[in-house]
Amino acid sequence: MHYFKRILLLMITLCLSINMTAYASMAKKYVIGFSQVTTTEPWRLLFNKELRAEAEKYPEIQLIVRDGNDNINKQISDVEDFIRMKVDAILISPKTAKEPTAVLNKAYHAKIPVIVLDRDIDNDQYSQFIGGDNKIIGKAVGEYIVNLLGGKGKAKGNIVEIWGGKRSSPAQDRHSGFYNVIKQEPGIRLLGEAKDGDWKQDKAYEIMADAIEQFPKIDIVYAHNDPMAFGAYMAAKDVGLHKLIKFLGIDGIPVEGVRWVNDGILTATFLYKTPGDEGIRQALRILQGESVQKRISLPTLVIDKNNAGTILKQNGLNR
Ligand code: FRU
C-alpha cells in the first residue's frame, strides 16, 4: 500500500509539473529579440537594465538579448538568428546606419515588427523608431557654446569637436544640429578636420592630445558623448591645460556625466534618454495589434552646475 501511495504521489507531481511548464510556455506569448550594439559603456548598461526591468513586468514576454560586441556583422547575424527563430518582434540599437538596413527590412517585410532604438538606419522600413532627437540636442549644445563664448553675434573662441561613430545617425545629427548654430558666428572657429572618436574615451584622449599639439589655443571641447568628453579632459589634464578649457558632452546619466559636471570636470552635458523601457512598452502595443506612432522622440535636458547636484540627489548619489 505504502508503495502504491508513493507511485501515486510521484504521478501527481509529474502531471503538475508538466502542466506548469505548459502553462509557463503558454504564458510567454511573445518572444522579443533585442540586438544591443555593445555593453561596454555605462549608458548601454543602463539601457539594458531598464529594458530588462520593463520586460520583467510582463509575464507574457520572453526576452532574448544579444550583445553585438560593437561589431555590425555580429549584429546582422544576430538579427538573422532572430528571423530563423521566428521571434515575434525585433528590437535593435545598431552600430551603423547602412549595413543593418537590408536584414532589418527583410524582417519587416516578413511581418516581424522591427523597432529601431537610439541609432537610426538608412530607410524607414521598420515599425517604429525611438530615441532622443540628436539634431535638437546638437542645436542646444551649439547655443550653449555661443553663450559661453560671449553670446549671439559676439561669440569668440576656438572649438575642438570630437565625433562619435561617423557612420551612425546620432553622430551625424549631433554635428549638424551644432554646426548650423555655430556657423552663423564669425568669431567662432572649428579647429581641424572632423575626427571620429567612435564614442570611446581612449580614442578621444588621443584625438585631444593631437589637437593640443596642433592648436595653441583651445577654448571649448564638444564631444558627442560624455565618455569622450572625459577622455579629452584627461588629455588636457595630463599637460596641465584642463582649467583653461571647457568640456561639454552628451548622455547625462547620473553615475557618469552628471557626476562629472557636479565635480567641475565637464561644464555641461545634455540628457540623451535611454530608450529601453519605452522600447518594450511599444513592442507590446504593436504585438497586441495597436497602431503606434512611427517615431517617438525622447526628451532632453541641459545639465550644468545649476541642476547637477539636484539630479544626483534625486538619484540617491549625493556624496
Ligand atoms: C553608447 C553611446 C552613447 C551615445 C550613444 C549614441 O554606446 O556611445 O554614449 O549617446 O551611444 O548612439
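Residues numbered from 1 in each chain as written. Predicted model: local features only at pLDDT ≥ 70, side-chain atom pairs only at ≥ 80, totals over all residues. Heavy atoms only, no water.

Caption draft 1: Looking closely at the site of the ligand. By nearness alone, every residue bordering the ligand is listed as Glu41, Trp43, Arg44, Asp118, Arg119, Pro170, Arg174, Trp199, Asn225, Asp251 and Tyr272. Arg119 is positioned with one of its side-chain polar atoms (N or O) 2.6 Å from an oxygen atom of the ligand. Contacts to the ligand include Asn225, whose side-chain N or O atom sits 2.9 Å from an oxygen atom. For the ligand, the protein covers 99% of the area, taking 310 Å² as the surface of the free molecule. For the ligand, the cavity whose grid points lie within 2 Å of the majority of its atoms is the largest cavity. Every element with two or more residues in the shell around the ligand is listed here: helix H2 (42-56) and helix H6 (169-182). Residue classes in the shell around the ligand are distributed as 4 nonpolar, 1 polar and 6 charged. (Near = heavy atom within 4 Å. Polar contact = N/O pair within 3.5 Å; in protein donor to acceptor, adjacent residues only side chain to side chain. Areas by Shrake-Rupley, 256 points an atom, 1.4 Å probe, with all protein chains shown as cover. 1 Å grid on protein atoms, 1.4 Å probe; cavity = no way out; pocket = protein on both sides within 12 Å on 5 of 7 lines; lining within 4 Å. Sits in = over half its atoms within 2 Å of the grid points. Helix = DSSP H or I, 4+ residues; strand = E, 2+ residues; numbered from the N terminus. Nonpolar A, V, L, I, M, F, W, Y, C, P; charged D, E, K, R; others polar.)

Caption draft 2: The packing of helix H8 (residues 226-238) against helix H9 (residues 254-262), seen in detail. The interhelical angle for the contact between H8 and H9, taken along N-to-C directions, is 45 degrees, at an axis separation of 10 Å. Looking at the two axes, H8 sits oblique to H9. Considering how the two elements wind past one another, H8 and H9 form a crossing that is left-handed. Here H8 contributes Asp226, Pro227 and Phe230 to the contact with H9, which in turn contributes Glu256, Gly257 and Trp260. By residue class, the composition of the contact of H8 with H9 is 3 nonpolar, 1 polar and 2 charged. (Axes fitted to C-alpha atoms, helices over the stretch in contact; angles between N-to-C directions. Parallel < 35°, antiparallel > 145°, perpendicular 65-115°, else oblique. Left-handed = near helix turned anticlockwise from the far one by under 90°. Contact = heavy atoms within 4.5 Å.)

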